[in-house]
Amino acid sequence: MAVQPEGSPCWADAMFRDLEGAKRFYGELLGWTFAESSTEYGDYTEAYADGKAVAAVVPPMPGQDGQEGLSQWCLYFAAEDAAATAGRIRDHGGQVLMEPMRVGDFGTMCLARDPGGVVFGVWQAGTHEGFQSMAEPGAYVWAEVFTREPEKSDAFFPAVFSYRQRDMEDGEVDFRVYDLGERSVLGRMRMTEDFPPEMPPYINVYFTVGDCDAAVAKATELGGVLWFGPMTTPFGRFASISDPQGANLSLIDITTTEGDMPKLTDVS
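Conventions we followed
- Residues numbered from 1 in each chain as written.
- Predicted model: local features only at pLDDT ≥ 70, side-chain atom pairs only at ≥ 80, totals over all residues.
- Heavy atoms only, no water.
- Pairing = 2+ DSSP bridges.
- Helix = DSSP H or I, 4+ residues; strand = E, 2+ residues; numbered from the N terminus.
- Axes fitted to C-alpha atoms, helices over the stretch in contact; angles between N-to-C directions.
- Phe/Tyr/Trp six-rings, centres within 6.5 Å; stacked < 30°, edge-to-face > 60°.
- Parallel < 35°, antiparallel > 145°, perpendicular 65-115°, else oblique.
- Left-handed = near helix turned anticlockwise from the far one by under 90°.
- Contact = heavy atoms within 4.5 Å.
- Nonpolar A, V, L, I, M, F, W, Y, C, P; charged D, E, K, R; others polar.
- Disulfide = S-S within 2.5 Å.
- Buried < 20%, exposed > 50% of the residue type's maximum accessible area, 1.4 Å probe, protein only.
- Core = buried A, V, L, I, M, F, W, Y, C linked by side-chain atoms within 4.5 Å.

Novice: Report on the sheet that holds strand β17 (residues 264-266), specifying residues and quantitative values.
Specialist: A sheet is described by the order of its strands in space; here nine strands give the open sequence β14-β15-β16-β13-β9-β12-β11-β10-β17, paired in mixed fashion. Each of the sheet's edge strands pairs with one partner strand only, and the pair in question is β14 (225-233) and β17. Sheet twist, expressed as the mean angle between neighbouring strand axes with direction ignored, is 25 degrees. As defined by bridge partners, strand β11 (residues 175-180) adjoins strand β12 (residues 183-190) across six bridges and the pair is classed as antiparallel.

In structure tokens:
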């Protein structure tokens, strides 16, 4: 797969205290297989669906083992120049949590937080270009910024990545779509009182499954928690879950759809 345009979601990883437990869960749920851990890079372990790289799992870095709430999926956005992107993050009120760091020949990474508290990554590709598969069983397909302060995200992400913004014409939900050119690449959802107050804002990553109901049954059997769904929408049948270590994600069968696509109105 070619290097993604600036601002495209290009990779996802998560940190787990129980790395072997995470591998068992996602291996059984999504059919992932795993590369040998890279001791040179902190036991960073790539996951594969049908032989193609789709994500990675990693244990806590030294000194982080006792911290709570570590397990969460992190979505990375493609950058032509990670240092320049880090500069735009600062200029628009975000916080750089990890300065751009070269990872061998693989590329350059950076971790950041938007003004509303949403953590994300930036990836300047080297030999590792990112997702080798998307929208296939076991692979990434979509993501949404879940935030209690949507006005901050709406000002920040389009300024950093030059997104066009469109609002969903639905009075019941506050949902916005960020586009790159004519391609929708990210959603933004306002977190309501339905979300536990202790749940921080985050980016909800969707992985593709062949049968959402069967995947939810497998996830709960393996110790995951169902939070919402399964529900059939014009985009697919999906459910939101957390894995046994508390990382939130969604599962979606993009082949099972129902209803008309919602209307979107340009706001920028």
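From this point on, the discussion continues.
Novice: Mind laying out the packing of aromatic side chains, listing which residues take part and the relevant values?
Specialist: Scanning the model with the defined rule gives 24 aromatic pairs in all. Judged by centre distance (6.3 Å) and plane angle (75 degrees), the ring pair of Trp32 and Phe34 falls under edge-to-face. Ring pairs connect the aromatic residues Phe16, Phe25, Tyr26, Trp32, Phe34, Trp73 and Phe207, which therefore count as one cluster.

Novice: Residues and numbers for the packing of helix α2 (residues 82-91) against helix α3 (residues 150-161), please.
Specialist: It is the contact of α2 with α3, at a shortest axis distance of 9 Å, that shows an interaxial angle of 150 degrees. Between α2 and α3, the interaxial angle falls into the category roughly antiparallel. As for how α2 packs across α3, the hand of that crossing is right-handed. Every residue of α3 that contacts α2 at Thr85, Arg88 and Ile89 is listed here: Phe156, Ala159, Val160 and Phe161. Considered class by class, the residues forming the contact of α2 with α3 number five nonpolar, one polar and one charged.

Novice: Give me unusual backbone geometry: which residues, what numbers.
Specialist: Omega for the bond connecting Gly229 with Pro230 falls within 30 degrees of zero, at 0 degrees, which places this linkage in the cis form. Position of Pro230 relative to the elements: it lies in strand β14. Positive phi is not limited to glycine here, since Ser162 has a value of about 60 degrees. Along the chain, Ser162 turns up in the loop between α3 and β10 (164-168).

Novice: A description of the state of the cysteines should follow, citing residues and the corresponding values.
Specialist: Simply put, disulfide is the name for a covalent bond between the sulfur atoms of two cysteines. If you walk through the whole model with that rule in mind, you get zero disulfides. Cys74 carries a free sulfur, and the closest cysteine sulfur to it, the one in Cys110, is 10 Å from it. In this structure Cys74 comes out as buried when scored by relative accessible area, which is 10%. You can call Cys110 buried: its relative accessible area is 0%.

Novice: Describe the nonpolar core, naming the residues involved and giving the relevant values.
Specialist: Counting residues in hydrophobic clusters, the biggest one holds 67 residues, and the most contacted among them are Trp32, Trp73 and Phe120. Grouped together as the second largest cluster of nonpolar side chains are five residues, Phe146, Met191, Phe195 and Met199 included.

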